[in-house]
There are 2 protein chains.
Amino acid sequence: MVPYLTTALTGPLLELEKRLLDAQPMIEHWFRQQWKGQSAPFYTSVDIRNAGFKLAPVDTNLFPGGFNNLNPAFMSLSIHAAMGAVEKICPYAQRLLLIPESHTRNTFYLQNVAVLAHILRQTGLIVRIGTLIPEITQPTTLELPAGGRLTLEPLVRHGDRIGLEGFDPCAVLLNNDLSAGVPDILKGIEQNIMPPLHAGWATRRKSHHFAAYQHVADEFAQLIGIDPWLIDPYFSHCGKIDFQARQGEDCLAEKVGDMLAKIRVKYDEYGIDQPPFVIVKADAGTYGMGIMTVKSPDDVRELNRKQRNKMAVGKEGLEFSEVLIQEGVYTFESINGAVAEPVVYMLDNFVVGGFYRVHTGRGSDENLNSPGMHFVPLAFDDTCVMPDRSANPDASPNRFYAYGVIARLAMLAASIELDETLNEAA
Amino acid sequence: MVPYLTTALTGPLLELEKRLLDAQPMIEHWFRQQWKGQSAPFYTSVDIRNAGFKLAPVDTNLFPGGFNNLNPAFMSLSIHAAMGAVEKICPYAQRLLLIPESHTRNTFYLQNVAVLAHILRQTGLIVRIGTLIPEITQPTTLELPAGGRLTLEPLVRHGDRIGLEGFDPCAVLLNNDLSAGVPDILKGIEQNIMPPLHAGWATRRKSHHFAAYQHVADEFAQLIGIDPWLIDPYFSHCGKIDFQARQGEDCLAEKVGDMLAKIRVKYDEYGIDQPPFVIVKADAGTYGMGIMTVKSPDDVRELNRKQRNKMAVGKEGLEFSEVLIQEGVYTFESINGAVAEPVVYMLDNFVVGGFYRVHTGRGSDENLNSPGMHFVPLAFDDTCVMPDRSANPDASPNRFYAYGVIARLAMLAASIELDETLNEAA
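First, a word on what this report is: a plain description of the structure on this page. This is a predicted model, so every value here is computed, not measured. (Residues numbered from 1 in each chain as written. Chains lettered and ligands numbered in written order. Predicted model: local features only at pLDDT ≥ 70, side-chain atom pairs only at ≥ 80, totals over all residues. Heavy atoms only, no water.)

Overview of the interface of chain A and chain B
Item 1. With 39 residues of chain A at the interface, the matching set in chain B holds 39 residues.
Item 2. Of the roughly 3400 Å² buried between chain A and chain B on both sides combined, carbon and sulfur atoms contribute 56%.
Item 3. If you sort the residues of chain A by the area they bury against chain B, Arg32, His80 and Glu87 of chain A come out on top, with a joint share of 21%.
Item 4. Inspection of the region where chain A meets chain B yields zero salt bridges.
Item 5. If you list the elements that add at least two residues to the side of chain A that touches chain B, you get helix H2 (24-37), helix H3 (75-89), helix H4 (107-122) and strand S18 (350-359) of chain A.
Item 6. A total of 10 residues in the side of chain A that touches chain B trace back to one element, the largest contributor, which is H3 of chain A.
Item 7. Class assignment for the residues of the side of chain A that touches chain B results in 21 nonpolar, 12 polar and six charged. (Contact = heavy atoms within 4.5 Å. Buried area = accessible area lost by both parts, 1.4 Å probe. Salt bridge = Lys/Arg side-chain N within 4 Å of Asp/Glu carboxyl O. Helix = DSSP H or I, 4+ residues; strand = E, 2+ residues; numbered from the N terminus. Nonpolar A, V, L, I, M, F, W, Y, C, P; charged D, E, K, R; others polar.)

And the structure:
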């Protein structure tokens, strides 16, 4: 079952999908060249929006949850890719410490941790799970709804090494995005940490990511001869916003206005009669807290108290003052009338699958990864690596291939972004 | 559908499978270390025999046909693995020349070439097929029984570069085992040839391979604490055999006798009451020509004229004088009463699938890869990378995992063997 595109404005996208399909040898060759000089993140997931006329990443997650939502039929792809990643990053490592988010009641998330641990164990690693939750002071086994269990153990630090009681790992895999900052217990440890600590939201900024993506998208668009706007959402950012104190509103309103005008020019160029919109969200952070759909500069001036409070509080109480303003990309995919947004998963530099977030109560111009948002995951029923030139450009293997290409561009941008922030930190 | 083991003597094998399963982290870690210093062949297939009490490779093919027999459901695994291989070996290559065997009527083989070309194209390579058949002087398109077509083109050489009319490839992939020697047109070319020319049967010897395998198997057996004989068939070889002139028979009869005695000791040790047997085959060459099952030294002295003729002629008329004497390994797997022999496929250092050769007219002590042998391929219904510790050691994911391990040992031996023959040639 594959979502349908519910817009008549599919001309440019069909054109784009056709271009991607025709240019496949060039594209794969180009990617191979990129990965000669660049290391892929250990894992990445990319939220993609498909507007029919535009196909673009809107969020790139370096600590992906949701591995439980992938199609179990393609599990072996994940194992293969993880084998490659493990071989590159820790050839001599056998014991891996996995540190997940500090959730104990979110069974969807725990299921993700279980699948991730399973994939890693299938590569032959001995995997144990350490937790940052201070209340967990001894090994604690949680039952999973789908069967199986997960044992969380308290972290133990000896000198510059992190581990568990009786378990000295050679490397650490974070599945925790460090929204609350880097915990002291992880600072200055000698083991290899993947992704690196500076990939956490304490240092990472979406605006850095999309700046890197812009370069990647420009080069790629030139390679295959398309308008980069078709794959790249406009963005800008404002620092020092305090929604509750109503500071920085002018910067925000002005940039929103500018961006809406720029989008309108493009919509006119392509004959799109939908109203342009922008998304305002925290420049640091994930989990969709404080995300706003804005169609006019006035929208950001006329927030009521409730909206201000919602915008002011990020995950784990992180008070953000930096804001990303991102071109809104309609998602015109739907299934049985419900809006569907594709999420593509990668391990190392390989696409290993994905799923659709399907949500009945949301509009095509709203973010589908928001707090309290109970989407239904619909696993991709096809891999993203097998385009079929004999089928039409929008046939599902080809649409999935297009998603895989866009997701890999975002992943490439993330790896460049991480190198840049490492150099800045050094 | 998975073949059954039809022997009561499964004790040692269950023990072996259990050992492999328990040692999985150690095994995968060990393989990762091996691949730090060693490059895997581009592709490899390994014939395995499962005697219930013993699980061992009997043939390692560096120019595998039969990709058409793999489970299409796992095609994406092959594409992933090929992407990795292409990335390593020819990062800047985009045009690949595939040179298959010189068959035009063997549609099974042509189907293999088509699947192989498809896998390579999905990695983004531009693949064209060149032929060594002298009669093909212009592009010739063959219709395939499963639909689709294959275009063979004559090779064109300019100076030290090989290619096709209007096609200058960066690398050459051989799917031709060079039994008839290295053709002049391929000698001294500057492009990268995979596998290297010295992997062809003009230079390669099975006895070299099994000597390298013996070292690998010994080290591996020590690692997981088993008797290496459980995974390693005895072998020896005789040079200068002329079956028609009845020269060298004494060497052969003596070595056959010695080996049967050695096997008998092991059979006694493990309480196996089957008669020992050995396989006599060409030390160079494939395709199962001139393969003999021998249960007594007298068997090799009492050959009639027909048998002598059969043993004297290898593939493409190659007259061999070197012979491999290999411990016969019973294949006690069968499906609906027919004997089944697993063949495992690898691309780069990844297992990508396999199939059973199922043959109704053969005994458990006969070679299933012989001339005129029309086996039925039964694709593995599971990948070889997902052992299931919660199931019993002989559950199919675990048996497939064991096959994958043994096959990778043989592949590792092949890569060591290729390094050694390269150094000898240099």
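Describing the pairing of strand S6 (residues 140-143) of chain B
Residue and element names in this part refer to chain B.
Item 1. Alignment of S6 against strand S7 (residues 149-154), held across four bridges, turns out to be antiparallel. Residue pairing across strands places Thr141 opposite Thr151, the latter belonging to S7.
Item 2. The hairpin formed by S6 and S7 contains five residues between the paired strands, and Gly147 there has a positive phi angle of roughly 95°. (Pairing = 2+ DSSP bridges.)

Observations regarding the sheet that holds strand S5 (residues 126-131) of chain A
Residue and element names in this part refer to chain A.
Item 1. Here we have six strands laid out as an open sheet, ordered S6-S7-S5-S4-S10-S11, and mixed in their pairing. In the strand order of this sheet, the two ends are held by strand S6 (140-143) and strand S11 (192-194), each with one partner. Neighbour to neighbour, the strand axes of the sheet diverge by 35° on average, direction disregarded.
Item 2. The strands touched by H4 within the sheet are strand S4 (95-100), S5, S6, strand S7 (149-154) and strand S10 (171-175), with S4 carrying the most contacts at an inclination of about 165°. (Axes fitted to C-alpha atoms, helices over the stretch in contact; angles between N-to-C directions.)

Section: the sheet that holds strand S15 (residues 323-327) of chain B
All names here are of chain B.
Item 1. Pairing is antiparallel in the open sheet, where four strands are placed in the order S12-S15-S13-S14. Because the sheet does not close on itself, it has two edges, and the strands there are strand S12 (235-238) and strand S14 (292-294). In this sheet, neighbouring strand axes are inclined to one another by 25° on average, regardless of whether the strands run parallel or antiparallel.
Item 2. Note that strand S13 (residues 278-282) and S14 share three bridges and pair antiparallel. Along S14, the bridge assignment pairs Ile279 with Thr293.
Item 3. Relative to S12, helix H5 (residues 206-224) is tilted by about 155°, and along the sheet it contacts S12, S13 and S15.

A short note on the relation of the copies chain A and chain B
Item 1. Aligned on chain B, chain A shows an RMSD of 0.0 Å; the corresponding rotation is 180° and the shift along the axis is 0.0 Å. Expressed as an axis order, the relation between the two copies is that of a two-fold axis. Within chain A, the C-alpha atom positioned nearest to the axis of rotation is that of Leu77 of chain A, 2.9 Å from it.
Item 2. A share of 100% of interface residues in chain A that are also interface residues in chain B marks the association as one of identical surfaces. (Least-squares fit on C-alpha atoms with pLDDT ≥ 70 in both.)

Regarding the pattern of salt bridges
Item 1. This structure, assessed with the given rule, holds 36 salt bridges over all chains.
Item 2. Note that Asp250 of chain A and Arg301 of chain A form a salt bridge whose closest N and O atoms lie 2.9 Å from each other. Of this pair, Asp250 of chain A sits in helix H6 (residues 249-270) while Arg301 of chain A sits in helix H7 (residues 297-301); the two residues are 51 residues apart in sequence, bridging distant segments of the chain.
Item 3. Judged by its relative accessible area of 37%, Arg301 of chain A falls in the partly exposed class.
Item 4. Measuring nitrogen to oxygen at the nearest pair gives 3.6 Å for the salt bridge that ties Asp160 of chain B to Arg157 of chain B.
Item 5. Owing to a relative accessible area of 42%, Asp160 of chain B belongs among the partly exposed residues under this scheme.
Item 6. Classification of Arg157 of chain B by relative accessible area gives partly exposed; the value is 28%.
Item 7. Linked through salt bridges whose partners overlap, the residues forming this network are Asp47, Arg49, Glu341 and Arg357 of chain A. (Buried < 20%, exposed > 50% of the residue type's maximum accessible area, 1.4 Å probe, protein only.)

Remarks on H5 of chain B
All names here are of chain B.
Item 1. Look at H5: 26 Å from first C-alpha to last across 19 residues, which is about the 27 Å you get at 1.5 Å a residue.
Item 2. Restricting attention to buried positions, one finds in H5 the residues Lys206, Ser207, His209, Phe210, Ala212, Tyr213, Val216, Ala217, Phe220, Ala221 and Ile224.
Item 3. Taken from the residues just after H5, Gly225 is the one with a positive phi, measuring 70°. (Expected span 1.5 Å × (residues − 1).)

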